[in-house]
Amino acid sequence: ALHSGINVNVCLKPASINTGIVFKRTDIDSNKNIIEANYKNVISPILCTKIQNSHGVSVSTIEHLMAAFYGEGIDNVIVEVNAPEIPIMDGSSFDFVTAIKSFGTQEQNCAKKFIKILKKIEIKDGQKHISIEPLNKDLIIDFEIVYKNPLIRTRRKEFKLSNGNLNSVYNSRTFCLYEDIEKLRNLNLAKGGSLDNAIVVKENKILNKEKLRNEKEFVNHKILDCLGDLYLSGFKIVGKITSCQGGHNITNQGLRKLLSKNENFSIIELKEKNIPHSFLNKNILKSIA
């Protein structure tokens, strides 16, 4: 696990229609160990996304797994985990997606529901900004990062879910500046961080042996995080998200503002047969551990 540094076992199990995405802490007493993947359950979304139930039981660093569920169209799954943090793997969603694809999924006989944005909302926090606005039958994430670092710099990308190929987003790893590592350790974070699970940038150099997997890996990873955090809405989203210097906290604030008023959105069903694979209602076919 990235921040706690402990070894973690995770198993993805099939779930029935309308279960949603549920995290189950197998190291906790059974009457307190269920945590629903819901934006209202997000607490302390700093450097990762953490959700907590009414008993104070939590699980963190869920965003990369949630992004895999969004991209692969997984609506119903039970995530069994024996620790308070999802493992970081290689810093991307690659291993999660590979496992899901290799084990298989099952389409469920149930109407597919979406959140359709009706009214634009915005959140500003200093230099950070996110807006969520109406769009016709697609999800677009327009993301910009701004760094003083000469290698990362300012980068921007518009991601369209309907394009179908999510590999460059799935494969993009988390990253940090070399000079921030000591600060993170002093905060009792990044205990499990290494060059095996994060891109480390020192001035204009990447310290990893494996360099960038794609030319926009830095901003692609931010899109990955955003995709995972958006899925805490409980549904796929039909709309356009524009984010500048955004992160877990401001994305969660955006969801809270959007879903606080019924006039901002509607719940719809897409009945067309030729909709993207990620719009299909799916369940994990068999357990993945």
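In this text, all values refer to a predicted model and were calculated from it rather than measured experimentally.

Draft legend 1. Fine view of the overall build of the protein. Counting its secondary structure elements, the protein contains six helices and 19 strands. Relative to a compact globule of 289 residues, whose C-alpha radius of gyration would be 19 Å, the protein shows 18 Å and is just as compact. Over its C-alpha atoms, taken along the principal directions, the protein stretches across nearly 50 × 40 × 35 Å. Every one of the 289 residues in the protein was classed for burial, and the buried ones make up 52%. The contacts in the protein between residues at least 6 apart in sequence include a share of 75% that link residues at least 24 apart.

Draft legend 2. Spatial organisation of the sheet that holds strand β16 (residues 205–206). If you walk across this open sheet you meet the three strands as β14-β15-β16, and the pairing is mixed. Both outer strands of the open sheet, β14 (175–177) and β16, are each paired with one neighbouring strand and no more. Across two bridges, strand β15 (residues 199–202) lies against β16 in antiparallel orientation. Note that in β16 the partner of Lys 202 across the bridge is Lys 205.

Draft legend 3. Local environment of the pattern of salt bridges. Scanning the entire structure with this criterion turns up twelve salt bridges. Ionic pairing is found between Arg 173 and Glu 217, a salt bridge with its closest N-O pair at 2.8 Å. Of the two residues, Arg 173 sits in the loop between α3 (167–170) and β14 while Glu 217 sits in helix α5 (residues 217–230), which places them 44 residues apart along the sequence. Note that Asp 180 and Lys 183 form a salt bridge whose closest N and O atoms lie 3.5 Å from each other. You can call Lys 183 exposed: its relative accessible area is 52%.

Draft legend 4. Fine view of the packing of aromatic side chains. Counted according to the given criterion, the structure contains three aromatic pairs. Ring geometry for Phe 175 against Phe 218: centres 5.0 Å apart, planes inclined by 75°, an arrangement best described as edge-to-face. With a gap of 43 residues between them, Phe 175 in strand β14 and Phe 218 in helix α5 connect regions that are remote in the sequence. The exposure classification of Phe 175 matches that of Phe 218, with both residues buried.

Draft legend 5. Fine view of the nonpolar core. Counting residues in each nonpolar core, the largest one holds 67 residues, and the members touching the most others are Phe 23, Phe 69, Ile 86 and Ile 141. With seven residues, α5 is the single largest residue contributor to this core. In this view, Phe 69 contacts Leu 12, Ile 21, Ile 74, Val 77, Val 79, Ile 100 and Tyr 231; residues no more than four positions away in its chain are not counted.

Draft legend 6. A look at the packing of helix α1 (residues 63–71) against α5. Running from N to C, α1 and α5 cross one another at 75°; their axes reach a closest spacing of 7 Å. Looking at the two axes, α1 sits roughly perpendicular to α5. Contact residues: Glu 63, His 64, Met 66, Ala 67 and Tyr 70 in α1; His 221, Leu 224, Asp 225, Leu 227, Gly 228 and Asp 229 in α5. Across the contact of α1 with α5, the residue classes break down as five nonpolar, three polar and three charged.

Rules behind the numbers
Residues numbered from 1 in each chain as written. Predicted model: local features only at pLDDT ≥ 70, side-chain atom pairs only at ≥ 80, totals over all residues. Heavy atoms only, no water. Helix = DSSP H or I, 4+ residues; strand = E, 2+ residues; numbered from the N terminus. Rg over C-alpha atoms; globule rule 2.2 N^0.38 Å. Buried < 20%, exposed > 50% of the residue type's maximum accessible area, 1.4 Å probe, protein only. Contact = heavy atoms within 4.5 Å. Pairing = 2+ DSSP bridges. Salt bridge = Lys/Arg side-chain N within 4 Å of Asp/Glu carboxyl O. Phe/Tyr/Trp six-rings, centres within 6.5 Å; stacked < 30°, edge-to-face > 60°. Core = buried A, V, L, I, M, F, W, Y, C linked by side-chain atoms within 4.5 Å. Axes fitted to C-alpha atoms, helices over the stretch in contact; angles between N-to-C directions. Parallel < 35°, antiparallel > 145°, perpendicular 65-115°, else oblique. Nonpolar A, V, L, I, M, F, W, Y, C, P; charged D, E, K, R; others polar.

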